[in-house]
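# Chains, contacts and geometry: an overview
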Amino acid sequence: MNAAAQRVFWPVLVAVVLIGLWQGLVVALKIPPFLVPSPLRVAQVLGADAALLFGALYTTLKITLFAFLTAVVLGVLVAFAFVQSRTIETAFFPYAVLLQVTPIVAIAPLIIIWVKNPTASLVICATLVALFPIIANTTLGLRSVNPGLMAYFKLNRATRWQTLTRLRIPSALPYFFGGLRISSGLALIGAVVAEFVAGTGGTGTGLAYQILQAGYQLNIPRMFAALFLITLSGVLLFVLMSVLGRWALGSWHESEQGHD
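### Concerning the packing of aromatic side chains
Across all of its chains, the model carries 6 aromatic pairs by this definition. Ring geometry for F9 versus W10: centroids 5.0 Å apart, planes at 75 degrees, classification edge-to-face. Its relative accessible area of 37% is what places F9 among the partly exposed residues. Through successive ring pairs, a cluster of aromatic residues spans F82, F93 and F132.

### So, helix α6 (residues 118-143)
Count 3.6 residues to each turn of an α-helix, and residues three or four apart come out pointing the same way. Over its 26 residues, α6 runs 38 Å from end to end, which matches the ideal 38 Å to within 8%, given 1.5 Å per residue. Maximum bend of α6: about 35 degrees, positioned at A130, with proline P133 one to four residues after it. Counted residue by residue, α6 has 19 buried out of 26 residues, so it is predominantly covered. Measuring from the backbone nitrogen of T119 back to the side-chain oxygen at the start of α6 gives 3.0 Å, which picks out N117 as the cap.

### Focus on unusual backbone geometry
For R157, which is not a glycine, the phi torsion comes out positive at approximately 55 degrees. Locating R157 in the fold gives a position in the loop between α7 (147-155) and α8 (160-199). Phi angles above zero are rare outside glycine, and L218 is one such case at about 55 degrees. Residue position: L218 is located in the loop between α9 (207-216) and α10 (220-249).

### Some words on the pattern of salt bridges
On inspection of all chains with the given rule, the structure shows 3 salt bridges. Here E89 and R86 are joined by a salt bridge, their closest N and O atoms 3.6 Å apart. Here R86 and E89 lie together in helix α4 (residues 86-101), a separation of 3 residues that amounts to about one turn. E89 gets classed as buried once you look at its relative accessible area, which sits at 15%. With its nearest N and O atoms 2.8 Å apart, the salt bridge here joins E89 to R143. Remark: R143 occurs in helix α6 and E89 occurs in helix α4; sequence separation between them is 54 residues.

Rules behind the numbers
Residues numbered from 1 in each chain as written. Predicted model: local features only at pLDDT ≥ 70, side-chain atom pairs only at ≥ 80, totals over all residues. Heavy atoms only, no water. Phe/Tyr/Trp six-rings, centres within 6.5 Å; stacked < 30°, edge-to-face > 60°. Buried < 20%, exposed > 50% of the residue type's maximum accessible area, 1.4 Å probe, protein only. Helix = DSSP H or I, 4+ residues; strand = E, 2+ residues; numbered from the N terminus. Expected span 1.5 Å × (residues − 1). Bend = angle between axes of the 7 residues up to and from the residue. Polar contact = N/O pair within 3.5 Å; in protein donor to acceptor, adjacent residues only side chain to side chain. Salt bridge = Lys/Arg side-chain N within 4 Å of Asp/Glu carboxyl O.

Right, here's the structure in full:
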């Protein structure tokens, strides 16, 4: 079995074993479904409530993707500004850190009140969560250039634009794609958290709102089904960003050439 097949086989095997243990324990201990539903029961609810759950998944993913794309654009622009001037970076980077350490649960109610459009408010909340990894990773990558190559560019009197496009950006791509892998998951987390806050007011229709409703109704199998869809979405986003990074870097950068 080659390395690529092993990277799929072993995680799948572990998942099958864990699901089997879960099913066996629930059946053997006769745990009622309103406490811990069995995987089979969750799968049945996922099929029975497919229209409701997948409609909610579409709403959550829409917010996630809008927030992720917004975070990528803003994060790259901010990183470009930081790398052009140490003064700008010194003055504004602490505020980027402030976005990272401020709990979104604390500020989401204010954003939802200030922004009248429910979708826009949720996108803003999720963007704030996903923004910092793009800024931090891209800035680090843009600054992590080979000193010899930088001296060569200066020796040849390269312009600031030429240095940015031909040296800094290629050097920053591995860091940038690493930021994408982190930010995509954070965008999903931010969307779910914002939906939880908005859902308490009856304005949310995403998976988080379905989880809240299932909790109120003690419909624990539906809650587990919604959690499964959120988890699966996060894994797929991570895999998609990994594949995108390998596609962009695999033919020339050593960080991806080591993969079989």
